Amino acid sequence: MSVPVSGRPAPPRPGASLRTRLLRGLLALSLVAFALAVTLAVANTRHNVRAELASSAALALDLVDGLLGPVPALPGDAARRAEWLDQLRELGRHRHLRLDLLAPGDSPRWPAPAEAAAPAWFAALVASEPIQFERERRDADGTPLRLLVRADPADELAEAWTDFSDFLALLAGFALLAGLLVWRLLGAALAPVRVILGGLDALAHGDYDGRLAPGGVPELDRIAATVDRLAATLAAGRAENRRLAGHALTVREDERRLLARELHDELGQSLSAIQADATLIAHTATDPRHIESARAIGATTADILGSVRELIRRLHPAVLDVLGLRAALEQLLADWAVRHAPVTTRFDWDPALPERPACGIHAYRIVQEGLTNVTRHAAAGHVELRLWREADALRLELADDGRGCDPAAATDGFGLHGIRERAQSFGGHATIESAPGQGLRIHVRLPLDG
Amino acid sequence: MSVSPPPPIRVLLVDDHAVVRAGFRRLLEGCGVRVSAEADTGEAGYRAYVDAPCEVVILDLALPGRGGLETLRRLRARDAAARVLVFTMHDEPAFAEQALAAGALGYVTKSSSPEVLLDAVTRVARGERCLSPDIAERLALAPSGGPQAAIEALSPREFEIFRQLAAGHSAAEIGERLALSAKTVANYGSQIRARLGVGSRAGLARLAIRLGLIEA
Ligand SMILES: Nc1ncnc2c1ncn2[C@@H]1O[C@H](COP(=O)(O)OP(=O)(O)OP(=O)(O)O)[C@@H](O)[C@H]1O
Ligand SMILES: [Mg+2]
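Only a predicted model underlies this, so the values are computations on that prediction, with no experimental measurement involved. The residue count restarts for each chain, going from 1 along the sequence in the order it is written. As a convention, the first chain written is A and the first ligand written is 1, with the rest following in written order. Two thresholds apply to this predicted model, a pLDDT of at least 70 for residue-level local features and 80 or more for giving and counting side-chain atom pairs, whereas whole-chain, interface and lining totals are computed over all residues. Side-chain numbers here rest on the full set of heavy atoms in the structure, without hydrogens or water.

## Considerations on the side chain of B:Lys110
Put simply, the test is: Segments assigned H or I by DSSP are reported as helices when at least four residues long, segments assigned E as strands when at least two residues long, and all are numbered from the N terminus. Remark: exposure states derive from per-residue accessible area (1.4 Å probe, protein chains only) relative to the maximum for the residue type, with buried under 20%, exposed over 50%, and partly exposed in between. For this analysis, a polar contact is any N or O atom pair within 3.5 Å, provided that within protein one partner can donate a hydrogen and the other can accept it, and provided that sequence-adjacent residues contribute only side-chain to side-chain pairs. Contact criterion: two residues are considered in contact whenever any of their non-hydrogen atoms come within 4.5 Å of each other.
Considering the arrangement of structural elements, one finds B:Lys110 in the loop between strand S5 (106-109) and helix H5 (114-125). Take B:Lys110: its relative accessible area is 1%, and that puts it in the buried class. A distance of 2.6 Å separates polar atoms of two side chains, one belonging to B:Lys110 and the other to B:Asp15. With residues near it in sequence (within four places) discarded, B:Lys110 still touches A:Gln269, A:Ser272, A:Gln275, A:Leu305, B:Asp15, B:Val20, B:Asp60, B:Phe87, B:Thr88 and B:Met89.

In structure tokens:
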């Protein structure tokens, strides 16, 4: 979760995902295609319906002329004329044609138009007004008659609608299928992107060990491989840094140990020898001035010796080299407790641990740093130091019951950071566990073979 | 000064620094103590003691080879009555505890005034325990895991074994004195340590010193 940092421009709001954008485009395209198809289909249908109706009407009229012959005259031949008319109407039952014969002054008797199977909007678009044709005829008497042909588009419309709706269904089905396909394909194609994002996120959190699985898309696999190389480079850089830091620490500790030994072996011993002679002179001299000088030499030497002792103590814990880690830590904790009465302490040592592990000085320094922090920050009443063996590692836990802190927020100092770095430089690790009011606990694992 | 009249105390001086040996030989002899032999390593010191036992062995801890503590143990194993006065630059109580646990009678730091050493030589020669003031103070201050109540809860036999262990006697020695096997004494020892919450023999010594059960 990232909070925009003031001073830096806020990152642009993330847009819709690629998948959503593609689908939206596809939908728009389908809609346009749909509209075009409808327009075209409507125009076609309209044209076809009209042409169809016109040609059937013409055909019907020709048929009437050819099949039924002249119209019998009325007053004389009423029966024959009625029969003729019936035949005419019988012809009109054919599909969507209606035929009628009108004497002057008659009005046509159309049956109610058939209920169209097509929806009204379609009928309206295609213009479904019935089409009427008429032709002049005379009956046997020469009376002018009007022969009417009325073509009802309902059937044509129904037919056109069926075609049209099938086409629309096909189009919709196609659009749907295309959408699904795009969704699935993109999902599959973008899966490696998610993997890469996960990998980059891990990198951002300092985890350089993961490797990205290839996703089968060559371009993305190349990116994944580059991310992997980046991680490997970072990991190598970090390892190198740790190695250098570890080396620097080792060199420093060695240097300090040597210095302490030199002070102990050369300076300290010689000073104590000087003291011996000064004391002897002070005891045996007869001249009071000599006695006084000898005493002064003794006193000055004692002062220097005191400083040298303090220096040695600060440089390197001699107990660690001679008596081992357990004695050194016991001593460290005991000295600390004396200076911080009435804080109580507890020390636990697992006898399965070697007395002089190679990582001893680091365990010692970590405890020193931890105790300094307890002094400075914790206001603790009780401190516990536990060491035990776990497989090939030394485990150390330093816990206090003081005021604790939020370990994520406590990052300005070098103490806790140094503890972590020291542990990591020697192939181990350290974690700090704390919460306000809950005390603080340092867990350390250091390999024993290192 | 507190230098005894004849017969002079004979001491063996074991220290790897010639300046120190020379300086303290002059001082000791100037104050009526006889330095009967000198050695610059633990092995040489051990051999010198075997060849010609003396009243007090003044022993440095930082010795090449086996080291002072190991030499101390060997001397005590060879002669349970050997009176050893540790004389060293190390002023951490842990060293004193270890030395006392290994059977040293005295512990004097080289930063102490030389009079302290002279005094300690005569006291150790009499079989008295003697610590230089800096060490005595730090040992007495050092907190220890075992509370007084736990000591009082020990049975008389456990208490006796505790006292003797703290004084630096070996399990075999204690067993002989109390007519127990060394193994039984060792078992008692770990039981006592567990009950007093003390991790080591040095811890027992420190506890005993703090409680005044053995003299600092
Ligand atoms: N034992 C503790 N109890 C409570 N808070 C602690 C404890 N140890 C550390 N902290 C908190 O963690 C912070 C970081 O500790 P750290 O040791 O890294 O730095 P520091 O002690 O402030 O400075 P320095 O670099 O001198 O050690 C401290 O400032 C303190 O707030
Ligand atoms: Mg700190």
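## Observations concerning the site of ligand 1
Residue and element names in this part refer to chain A. For clarity, the threshold we go by: Being near a molecule or strand, for a residue, comes down to having at least one heavy atom within 4 Å of it. Using the Shrake-Rupley algorithm and a 1.4 Å probe, accessible areas are obtained, with residue cover drawn only from the displayed protein chains. Each residue gets one label: Ala, Val, Leu, Ile, Met, Phe, Trp, Tyr, Cys and Pro are nonpolar, Asp, Glu, Lys and Arg are charged, and the others, such as Gly, are polar.
The environment of ligand 1 is formed by 14 residues, the closest being Asn373, Arg376, His377, Phe414 and Leu416. A distance of 3.2 Å separates an oxygen atom of ligand 1 from a polar backbone atom of Gly415. Within the complex, 82% of the 600 Å² of free accessible area of ligand 1 lies under protein. The element best represented in the shell around ligand 1 is helix H9 (residues 360-378), accounting for five residues. Residues that form the shell around ligand 1 fall into these classes: six nonpolar, five polar and three charged.

## Side note on unusual backbone geometry
All names here are of chain A. Here the residue pair Ala341 and Pro342 is connected by a cis peptide bond, since its omega of 5° sits within 30 degrees of zero. Among the structural elements, Pro342 can be located in the loop between helix H8 (325-339) and strand S4 (344-349). Its identity is not glycine, yet Ala391 carries a phi of approximately 55°, on the positive side. In this structure, Ala391 sits in the loop between strand S5 (382-390) and strand S6 (393-400). Of the residues examined, Ala391 reaches a relative accessible area of 64% and is grouped as exposed.

## Remarks on the environment of A:Ala393
Residue and element names in this part refer to chain A. Mapped onto the elements of the fold, Ala393 is located in strand S6. Judged by relative accessible area, which is 4%, Ala393 ranks as buried. Taking C-alpha positions, Ala393 is 8.0 Å from Asp449, a pair spaced 56 residues apart along the chain.

## As for the packing of aromatic side chains
Selection rule: A pair of Phe, Tyr and Trp rings is counted when the ring centres sit within 6.5 Å of each other, with Trp represented by its six-membered ring. The angle between the planes then sorts it: under 30 degrees is stacked, over 60 is edge-to-face, the rest tilted. Over a ring means this: the NZ of a Lys or the CZ of an Arg is within 6 Å of the ring centre and within 35 degrees of the ring normal.
A full pass over the atoms with the stated rule returns two aromatic pairs over all chains. Taking the centre distance of 5.9 Å and the plane angle of 40° together, the rings of A:Trp161 and A:Phe164 count as tilted. Of this pair, A:Trp161 and A:Phe164 both sit in helix H4 (residues 154-204), separated by three residues, roughly a single helical turn. Each member of the pair, A:Trp161 as well as A:Phe164, is classed as buried. Their ring planes at 75° and their centres at 4.8 Å tell us that B:Phe24 and B:Phe87 sit as a pair that is edge-to-face. Separated by 63 residues along the polypeptide, B:Phe24 in helix H1 (residues 18-30) and B:Phe87 in strand S4 (residues 84-88) bring together distant segments of the chain. Each member of the pair, B:Phe24 as well as B:Phe87, is classed as buried. Across the ring face of A:Trp388, the terminal group of A:Arg386 is positioned such that the distance to the ring centre comes to 4.4 Å.

So, to be careful, I would describe these as geometric facts and stop short of saying anything about function.
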